[in-house]
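Residue strings, one per chain:
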Amino acid sequence: VEMLVFACTHAEGSAAWKTGCFAKAPATIAAVMRNGFKTPLGVLTIAGLHFLPLWLWLSPRLSRSHFVVSPLLGAALVIGRLLAVSAELWVVFRHLGAVLERDDVARGKSIGRD
């Protein structure tokens, strides 16, 4: 998913992808992206994105008393990952909408010439 999002953000926003792609984002997505992920919601999202797989791998391998195995930590990481996937899906669907819109415009111009 991450590579697809990477391609979509750069296709739509090119060098200014951080501002161009998220200018009209929903409030939750904008809050995640605000200040380059340097907000509590952004940090939670990045933590879920990067550390949930590690937590899932480590949990059965560590003793139950280890702080890393905490279900509360796991829940927080799952919430962060859900925030990340919601932002990723928003970017992909926004890109698809833009492609379809450009296609409609091009089709309208070609129909007008016939």
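If you're wondering where the values come from, they're calculated on a predicted model, not measured in any experiment.

Draft legend 1. The overall build of the protein chain, seen in detail. Each helix and strand in the protein chain was counted, giving five helices and zero strands. Reading the protein chain from its N terminus to its C terminus gives the helix and strand order α-α-α-α-α. Residues counted as buried form 30% of the 114 residues belonging to the protein chain. Taking the intrachain contacts of the protein chain between residues at least 6 apart in sequence as the baseline, contacts between residues at least 24 apart amount to 61%. Carbon and sulfur atoms form 69% of the exposed surface of the protein chain, whose accessible area is close to 7700 Å².

Draft legend 2. The arrangement of the pattern of salt bridges in detail. Counted according to the given criterion, the structure contains four salt bridges. Linking Arg-81 and Glu-2 is a salt bridge whose minimum nitrogen-to-oxygen distance equals 3.3 Å. In this pair, Arg-81 is assigned in helix α5 (residues 71-113) and Glu-2 in helix α1 (residues 2-13), connecting sequence segments 79 residues apart. One salt bridge connects Arg-107 with Asp-104, and the closest N-O pair in it is separated by 3.5 Å. Within this pair, Arg-107 and its partner Asp-104 are both found in helix α5, separated by three residues, close to a single helical turn. Look at Arg-107 and you get partly exposed, because its relative accessible area is 43%. If you follow the salt bridges from partner to partner, you end up with Glu-2, Arg-81 and Glu-88 in one network.

Draft legend 3. Fine view of the nonpolar core. Membership of the largest hydrophobic core is limited to 11 residues, which are Val-5, Cys-8, Cys-21, Phe-22, Ala-25, Ile-29, Met-33, Ala-87, Trp-90, Val-91 and Val-92. For this core, the secondary structure elements donating two or more residues are α1, α3 (27-37) and α5. Per-element tally for this core: the top contributor is α5, with four residues. The next biggest cluster of nonpolar side chains, apart from the first, holds six residues, and it includes Leu-52, Trp-55, Leu-58 and Val-68.

Draft legend 4. Highlighting the environment of Ser-59. Here Ser-59 lies in the loop between α4 (40-58) and α5. Of the residues examined, Ser-59 reaches a relative accessible area of 14% and is grouped as buried.

Draft legend 5. Here's a closer look at the confidence of the model for the protein chain. For the protein chain, the average pLDDT comes to 86, and 89% of its residues sit at 70 or higher. Within the protein chain, the element-level pLDDT minimum falls on helix α2 (residues 17-20), averaging 64, and the maximum on α4, averaging 95.

Draft legend 6. Expanded view of a nonpolar patch on the surface. A cluster of nonpolar residues, Phe-51, Leu-54 and Trp-57, forms a patch on the protein surface that exposes about 330 Å² of accessible area. Structurally, Trp-57 can be placed in helix α4. Take Trp-57: its relative accessible area is 47%, and that puts it in the partly exposed class.

Conventions adopted
Residues numbered from 1 in each chain as written. Predicted model: local features only at pLDDT ≥ 70, side-chain atom pairs only at ≥ 80, totals over all residues. Heavy atoms only, no water. Helix = DSSP H or I, 4+ residues; strand = E, 2+ residues; numbered from the N terminus. Buried < 20%, exposed > 50% of the residue type's maximum accessible area, 1.4 Å probe, protein only. Contact = heavy atoms within 4.5 Å. Areas by Shrake-Rupley, 256 points an atom, 1.4 Å probe, with all protein chains shown as cover. Salt bridge = Lys/Arg side-chain N within 4 Å of Asp/Glu carboxyl O. Core = buried A, V, L, I, M, F, W, Y, C linked by side-chain atoms within 4.5 Å. pLDDT = per-residue confidence, 0-100. Patch = residues over 30% accessible without salt bridge, like charges linked within 9 Å, V, L, I, M, F, W, Y side chains within 5 Å.

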